[in-house]
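Residue-level structure breakdown
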Amino acid sequence: MPTSRSTAKSKPRKAKASAIKSYAREHHKSSGNVFRDMGKSDDEANNLFMRSKLMIAIEAIVEERGWTQAEAAKVIGVARPRIAELCASRIDLFTVDTLVKYLNRLGKQVTLSIKDTEVA
């Protein structure tokens with residue numbers, strides 16, 4: 001009686017030497033700002049970094065409170081698709097001002113810290 005392919009016992013295959021590739025990886029020390037490390041200008045990198053931190057904080061609050069996107073949208077006072085955009089990390093669709101406003105509506109106060117950096 002013939003056996004089907006799925007039930008037939010097969011020998012384990014050996015990997016061909018030509019199929020195994022070695023990839024050289026470059027390692028770079030992080031600046032602490034992934035956007036700067038990606039080659040963005042300092043101004044743009046700092047703005048993107050602030051927006052990402054604010055978005056992460058909003059997502060954490062929503063998750064911590066166990067809210068659905070619809071519930072979060074109601075509290076914040078926006079349409080549910082706006083929360084979906086936030087949860088999808090659509091950073092290009094949000095300003096720092098908007099994200100601070102959302103956090104205020106969630107009962108959070110955003111504080112600002114200013115540090116010295118090297119200037120050319």
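Below or above, wherever it landed, is the structure these notes cover. Because the structure is a prediction, the values reported are computed rather than measured.

**As for the pattern of salt bridges**
Tallied over the full model, the rule gives two salt bridges. In this structure, Arg-82 engages Glu-85 in a salt bridge whose closest nitrogen and oxygen atoms are separated by 3.2 Å. Of this pair, Arg-82 and Glu-85 both sit in helix α4 (residues 80-87), three residues apart, which is roughly one turn of the helix. Owing to a relative accessible area of 23%, Arg-82 belongs among the partly exposed residues under this scheme.

**Observations concerning the packing of aromatic side chains**
In this structure the tally under the stated criterion is one aromatic pair. Both rings, one in Phe-94 and one in Tyr-102, keep their centres 6.3 Å apart while their planes meet at 75°; by these two values the pair is edge-to-face. The exposure class of Tyr-102 is buried, given its relative accessible area of 4%. One residue, Arg-82, lies across the ring of Phe-94, its end atom 4.0 Å from the ring centre.

**Here we look at helix α5 (residues 96-105)**
Along α5, the residues that are buried comprise Thr-98, Leu-99, Tyr-102 and Leu-103. End-on view of α5: buried residues confined to an arc of 140°, all on one side of the axis. Those residues of α5 that are buried lie in contact with α2 (42-64), α3 (69-76) and α4. At the exit of α5 stands Gly-107, carrying a positive phi of roughly 85°.

**Some words on the nonpolar core**
Met-55, Ile-58, Ile-76, Leu-86, Phe-94, Leu-99 and Tyr-102 are the most contacted members of the largest nonpolar core, which totals 19 residues. For this core, the secondary-structure elements that each account for two or more residues are α2, α3, α4 and α5. The biggest single contributor to this core is α2, with seven residues. For Leu-99, the residues in contact, after removing those within four places along its chain, are Arg-51, Leu-54, Met-55, Ile-58, Leu-86 and Phe-94.

The rules behind these values
Residues numbered from 1 in each chain as written. Predicted model: local features only at pLDDT ≥ 70, side-chain atom pairs only at ≥ 80, totals over all residues. Heavy atoms only, no water. Salt bridge = Lys/Arg side-chain N within 4 Å of Asp/Glu carboxyl O. Helix = DSSP H or I, 4+ residues; strand = E, 2+ residues; numbered from the N terminus. Buried < 20%, exposed > 50% of the residue type's maximum accessible area, 1.4 Å probe, protein only. Phe/Tyr/Trp six-rings, centres within 6.5 Å; stacked < 30°, edge-to-face > 60°. Lys NZ or Arg CZ within 6 Å of the ring centre and 35° of its normal. Arc of directions from axis to C-beta. Contact = heavy atoms within 4.5 Å. Core = buried A, V, L, I, M, F, W, Y, C linked by side-chain atoms within 4.5 Å.

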